[in-house]
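Here is how the chains run, residue by residue.
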Amino acid sequence: MKKLFALLALLGAVGWCAPIMAQDKPAAPAAAAAAPAAAAPAVPAATPTPPPTPNKGDVAWMLTSTALVLMMSVPALALFYGGLVRSKNMLSVLMQVFVVFSLVTVLWSIYGYSLAFTEGNSYFGSLTERLFLKGTFDSTKGEFSMAATFSKGTPLYELVYVAFQATFAAITCCLILGSIVERVKFSAVLIFIVLWFTFSYLPVAHMVWFWPGPDAYTAANVVDATNAKAGLLWQWGALDFAGGTVVHINSGVAGLVGAYLVGKRVGLGKEAMTPHNVTMTMIGAALLWTGWFGFNAGSALEANGTAALAFMNTYLATACAVLSWMFGEWIFKGKPSMVGAASGAVAGLVAITPAAGNVGIPGAFVIGLSAGLVCLWGVNGLKKLLGADDALDVFGVHAVGGILGALLTGVFNAPQLGGPSFPVDWFTGKITPAADYSIWSQFVIQAKAVGVVFVWTGVVAFISFKIADLLVGLRVTEEEEREGLDINSHGETAYHM
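So, here's what we can say about the structure.

So, how was this worked out
- Residues numbered from 1 in each chain as written.
- Predicted model: local features only at pLDDT ≥ 70, side-chain atom pairs only at ≥ 80, totals over all residues.
- Heavy atoms only, no water.
- Phe/Tyr/Trp six-rings, centres within 6.5 Å; stacked < 30°, edge-to-face > 60°.
- Helix = DSSP H or I, 4+ residues; strand = E, 2+ residues; numbered from the N terminus.
- Buried < 20%, exposed > 50% of the residue type's maximum accessible area, 1.4 Å probe, protein only.
- Lys NZ or Arg CZ within 6 Å of the ring centre and 35° of its normal.
- Expected span 1.5 Å × (residues − 1).
- Bend = angle between axes of the 7 residues up to and from the residue.
- Contact = heavy atoms within 4.5 Å.
- Core = buried A, V, L, I, M, F, W, Y, C linked by side-chain atoms within 4.5 Å.
- Salt bridge = Lys/Arg side-chain N within 4 Å of Asp/Glu carboxyl O.
- Axes fitted to C-alpha atoms, helices over the stretch in contact; angles between N-to-C directions.
- Parallel < 35°, antiparallel > 145°, perpendicular 65-115°, else oblique.
- Left-handed = near helix turned anticlockwise from the far one by under 90°.
- Nonpolar A, V, L, I, M, F, W, Y, C, P; charged D, E, K, R; others polar.

## Let's talk about the packing of aromatic side chains
Then step 1. All chains considered together, the criterion is met by 30 aromatic pairs.
Then step 2. Between F168 and W209, the aromatic rings sit 5.9 Å apart at their centres with planes inclined by 80 degrees, giving edge-to-face as the arrangement. Of the two residues, F168 sits in helix α5 (residues 158–176) while W209 sits in helix α6 (residues 186–209), which places them 41 residues apart along the sequence. Both residues of the pair, F168 and W209, belong to the buried class.
Then step 3. Through a chain of ring-to-ring contacts, three or more aromatic side chains come together here, namely W108, Y111, Y113, F117, Y161, F197 and Y201.
Then step 4. Between K448 and the ring centre of W236, over which it is positioned, the NZ or CZ distance is 4.7 Å.

## Side note on helix α10 (residues 278–297)
Then step 1. Taking 1.5 Å per residue, 20 residues should reach 28 Å; α10 reaches 28 Å between its end C-alpha atoms and fits that length.
Then step 2. Of all the bends in α10, the greatest, near 30 degrees, is centred on G291.
Then step 3. All of the buried residues in α10 are T281, G284, A285, L288, G291, W292, F293, G294, F295, N296 and A297.
Then step 4. Residues of α10 that are buried make contact with α3 (56–84), α5, α9 (244–262), α11 (305–333) and α12 (338–352).

## Re the environment of V359
Then step 1. Structurally, V359 is set in the loop between α12 and α13 (361–378).
Then step 2. For V359, a relative accessible area of 0% puts it in the buried group.
Then step 3. Linking V359 and T118, residues 241 residues apart in sequence, is a C-alpha distance of 28 Å.
Then step 4. Each residue touching V359, except ones within four places of it in the same chain, is listed here: L309, N313, I352, A364, I367, T409, F412, N413, G419 and P420.

## Quick word on the nonpolar core
Then step 1. Ranked by internal contacts, the top residues of the largest apolar core, which has 110 residues, are W108, W196, F197, Y201 and F295.
Then step 2. A351, I352, L404 and V411 belong to the second-largest nonpolar core, a separate cluster that totals 14 residues.

## Quick word on unusual backbone geometry
Then step 1. Residue V74 is joined to P75 through a cis peptide bond whose omega torsion reads 20 degrees.
Then step 2. With respect to the element layout, P75 can be found in helix α3.
Then step 3. Here F132, not a glycine, exhibits a phi torsion of approximately 55 degrees, which is positive.

## Notes on the pattern of salt bridges
Then step 1. Applying the stated criterion to the full structure yields nine salt bridges.
Then step 2. R265 is paired through a salt bridge with E182; the nearest N and O atoms lie 2.8 Å apart. Here R265, found in the loop between α9 and α10, pairs with E182, found in the loop between α5 and α6; they are 83 residues apart in sequence, far enough to count as distant.
Then step 3. Taking the relative accessible area as the measure of exposure, R265 reaches 9% and is therefore buried.
Then step 4. Owing to a relative accessible area of 2%, E182 belongs among the buried residues under this scheme.
Then step 5. With a shortest N-O distance of 3.3 Å, R482 and E478 are connected by a salt bridge. With a gap of four residues between them, R482 and E478 both fall in helix α17 (residues 478–483), about one helical turn apart.
Then step 6. Given the relative accessible area of 43%, R482 is considered partly exposed.
Then step 7. Judged by its relative accessible area of 47%, E478 is partly exposed.

## Quick notes on helix α15 (residues 394–412)
Then step 1. Between its first and last C-alpha, α15 extends 25 Å over 19 residues, near the 27 Å set by a 1.5 Å rise per residue.
Then step 2. Across the 19 residues that make up α15, a large majority, 18, are buried.

## Brief notes about the packing of α5 against α9
Then step 1. At a minimum axis distance of 8 Å, the contact between α5 and α9 shows a crossing angle of 30 degrees. Looking at the two axes, α5 sits roughly parallel to α9. Seen from above, α5 lies across α9 with right-handed handedness. Touching F168, T172, L175 and I176 of α5 are V246, V247, H248, S251, A254 and G255, all from α9.
Then step 2. Split by residue class, the contact of α5 with α9 holds six nonpolar, four polar and no charged.

Written out as structure tokens, the structure reads:
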């Protein structure tokens, strides 16, 4: 009997304390105390939902993509550019690409990522939020910060995103070098790169690519306010999947400005300046094509269908551009060349970059075939009209191809032309249907984005080159240029014959 009273007292105490210990659990009814065997099972306390963790497949794909983009610069771009110059300047090109890539990677890790990909205003992010990459890893807790992808509840380790975007920044700066090779001072290159990277690449990347991510769109009534936190061109609705504006127009225009300011090579038009090693150029182009799958398909940020679409579009458009450039050259110049075929591949890669995940297969066909012919004109007819010694045709291929691709993205993104369209808003995720898609409106948005980047990078490049000229001078002496930059700028030669 004493045991029964003790049990009743214990149950009563628990019943009295339960509302205090767990406010979401109602007190047990009196009948339950009298007949505990018939009581309903206790409702367990709600367990907080753990935050989503990155998918290991996505992480593996993005690490692979980052390595592929790194390969695009060292060695791919270095070999592609190096083979196109004269042998006495081969080593200088390798050195410029290798060192500029390294310099930009360091600057990116100090302040570049923070200015490009944190919340600030429409043009720049915060300088301090990710200064020296602080906050990306908490060593006391062993926790990594997360970055958004394009799907809700599907984060990526932020450090993976930092590394991926670092390779984009670095190769963009390296692309400019092709316009000014064979006559520019190495010290002037480094000064220019620091200035242009800071005041052109970073704000353009922020304007085009920064947004709060899909998880920030928590309700319909916050869509406009969330959009307002994004970069200027993202707010306009400009589409740039992997860098038509940020990488190619940005670098191509800067290269043209540099070609004007540095001046023409000594002996241009009077002396032979043919590529010294077309084999290296072909190898570089092939490695660029391979690495570009990381560049474009990796920009999906996930191992999903969009990545597959970007991969196939990159594959197809490049092959189309090789053929159209080759046949165009064959018709107008009488013979198809290996340099032309390699240049056609790069033209196709450039033009499909802003469109890779934004158009369907029909768009890849048209963009690739158009790029080969348009860029062939860019490095011949347009180059003569401009009158600048853009040595390796950075403007004719990258700027012209980037503009073409950016504009055609607005056309072939349309679902009525086989494109995937774009979301009405990121809260619902609803895609703009064909009936509501205006090709002309999107084309105008794309054209405005191209115009902004064209002017922005042109002004910054001009000022940056002028500062470098005032500090150290832009050009080597005529004697040094004739002898070659390899031995005069670096005390080495690429070949010993």
